[in-house]
Amino acid sequence: MAVGFSVTSDETAAAAGQYSGKMTSYVILSCMMAAMGGVIFGYDIGISGGVTSMEPFLNKFFPEVQRKMDEDTKISNYCKFDSELLTSFTSSLYVAGFFASFFASSVTGAFGRKITILFGGSAFLAGAALGGAAFNIYMLIFGRVLLGVGVGFANQAVPLYLSEMAPAKYRGAFNNGFQFSIGIGALSANLINFGTQKIKAGWGWRISLALAALPALILTLGAFFLPDTPNSLIHRTNDPEKAKAMLQRIRGTDNVELELQDLIKASSVAKTIQHPFKNIMRRKYRPQLVMAIAIPFFQQVTGINVIAFYAPILFRTIGLGESASLLSSVVTGVVGSGSTFVSMVVVDKLGRRSLFILGGVQMFLSQVMVGAVMGAELGDEGGIEKVYAYMVLILICIYVAGFGWSWGPLGWLIPSEIFPLEIRSAGQSIVVAVSFLFTFVVAQTFLFMLCHFKSGIFFFFGGWVVLMTAFVYFLVPETKNLPIEKMDLVWREHWFWTKFVEENKLEVP
């Protein structure tokens, strides 16, 4: 079967026409500040995994887990951390983020990306303060809920903000900055955990949780100075002159008529839509709806959160000590951030599809090898030889690198650039909600699955990587260098999606 996988970006860009403009310091500084929304998300992911491996934290909030580690040697290596309360601590953030994302959609549409980012930073700031001061499990989990609200709002607005502010030919690099910021946040958290774990008094975990307030404060204060995007301005204010002035400032040129007219046209269509969540269900938006569900779902079932949430726990399972486990998490954080930076550099040259496929192959091979080593060398009791423990660490770093330049950043980039303005807030809300829903599922079930699947857990996630790589190969078109308001071209010229888009060109909203 001849499969016309995608339109080449050069052909599409030529058909669409490129806008005038250049890279400006105004855009760079604005996007750097907005990307702090990724730092708070990454910091929380890294911190939660680290503190749940600290003995003082476990003794205070999860004593049954510590008891299993200290006393009951008959419990399987794979089951020592299996605790419903412990997984509830990790996953409560994602339940809150799931529900918050739907409210965030309305706020983003009505008040703009800037206000949504401001609210997200404020909620996260409150959650960080509560977590650091927690004296019982209820206070701890309520703090996690506030963190979830903050992350839900930030993840709704920041990817849209970056994609709308960035020039089309640099959009991939700018949007991948969101995942890079997540990586920086996680790496910072891992370094802090490594340091606070050494505090003999046993309250280092409080510093780890409370320091989440620092990036949240920067984001909250910085949001006051952020400009809103021209796309949001034209849609909310119906003031073409205001949007034009913003376009001229961020593009560094007075010649913005072509882009302005596309924004006005997109806004006019968007204003005819009264119910965006109902509208996105129409057949003509089937490609975008499928991507809004499939891409964040696949991003979560790569197994990355096995590493992100539970890396220290996983490394302790294979026999590394508490300090060595936290240091190993720092290593994986450095690898993840470095590979995401590579993706930022090459994504607008190589394209999205190539990175997706290469990363998928790399993740699959490394996961299978991790499962094979653990299956052969780690039994239910006893440890594993150090050489094999460090072999697992190296393979996990290879896996993290594959995720870092493929499904990590591209899982946020593709959805943020494919929605037309009339369904953009609703579409991004679905992306964030699906991401949080399946993050919650993975966080809530991983320790249970690790206990029952043992080393087979890596083969389980490897199977999903094969499926998602095939999904990209056949169904995800190339979107590099195409202006965001011209993205309908990729669906019209795709071998599969064209039948949905073309048959509905005359459909009345």
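What counts and what doesn't
- Residues numbered from 1 in each chain as written.
- Predicted model: local features only at pLDDT ≥ 70, side-chain atom pairs only at ≥ 80, totals over all residues.
- Heavy atoms only, no water.
- Helix = DSSP H or I, 4+ residues; strand = E, 2+ residues; numbered from the N terminus.
- Contact = heavy atoms within 4.5 Å.
- Salt bridge = Lys/Arg side-chain N within 4 Å of Asp/Glu carboxyl O.
- Buried < 20%, exposed > 50% of the residue type's maximum accessible area, 1.4 Å probe, protein only.
- Axes fitted to C-alpha atoms, helices over the stretch in contact; angles between N-to-C directions.
- Parallel < 35°, antiparallel > 145°, perpendicular 65-115°, else oblique.
- Left-handed = near helix turned anticlockwise from the far one by under 90°.
- Nonpolar A, V, L, I, M, F, W, Y, C, P; charged D, E, K, R; others polar.
- Expected span 1.5 Å × (residues − 1).
- Bend = angle between axes of the 7 residues up to and from the residue.

(A) Structural view of the environment of Ala 173. Considering the arrangement of structural elements, one finds Ala 173 in helix 9 (residues 171–196). The spatial distance from the C-alpha of Ala 173 to the C-alpha of Leu 413 is 9.2 Å, given a sequence separation of 240 residues. The contact partners of Ala 173, leaving out residues within four places of it in the chain, are Met 344, Val 347 and Asp 348.

(B) Molecular detail of the pattern of salt bridges. Considering all chains together, one arrives at 12 salt bridges under this definition. Where Asp 488 meets Arg 492, a salt bridge forms, and the shortest distance between an N and an O atom there is 2.1 Å. Highlighted residues: Asp 488 and Arg 492, both in helix 24 (residues 488–492), separated by 4 residues, approximately one helical turn. Exposure remark for Arg 492: the relative accessible area of 32% places this residue in the partly exposed category. Here the salt bridges share partners, and the residues they tie into one network are Arg 113, Glu 164, Arg 424 and Glu 485.

(C) Geometry of the packing of helix 19 (residues 352–377) against helix 20 (residues 386–404). It is the contact of helix 19 with helix 20, at a shortest axis distance of 8 Å, that shows an interaxial angle of 160°. It follows from the interaxial angle that helix 19 and helix 20 lie roughly antiparallel. Regarding helix 19 and helix 20, the two cross each other, and that crossing is left-handed. Each of Gly 359, Gln 362, Met 363, Ser 366, Gln 367, Met 369, Val 370, Val 373, Met 374 and Glu 377 in helix 19 lies in contact with helix 20, whose residues at this interface are Tyr 388, Met 391, Val 392, Leu 395, Ile 396, Ile 398, Tyr 399, Ala 401, Gly 402 and Phe 403. In the contact of helix 19 with helix 20, the residues fall into 14 nonpolar, 5 polar and 1 charged.

(D) Inspection of helix 9 at higher detail. Taking 1.5 Å as the rise per residue, helix 9 with 26 residues should run 38 Å; its terminal C-alpha atoms sit 38 Å apart, in good agreement. Considering bend angle alone, the principal kink of helix 9 is centred on Phe 178 and spans about 30°. Taken across its 26 residues, helix 9 has 19 buried, putting it largely inside the fold.

Any functional reading would require information beyond the geometric quantities listed.
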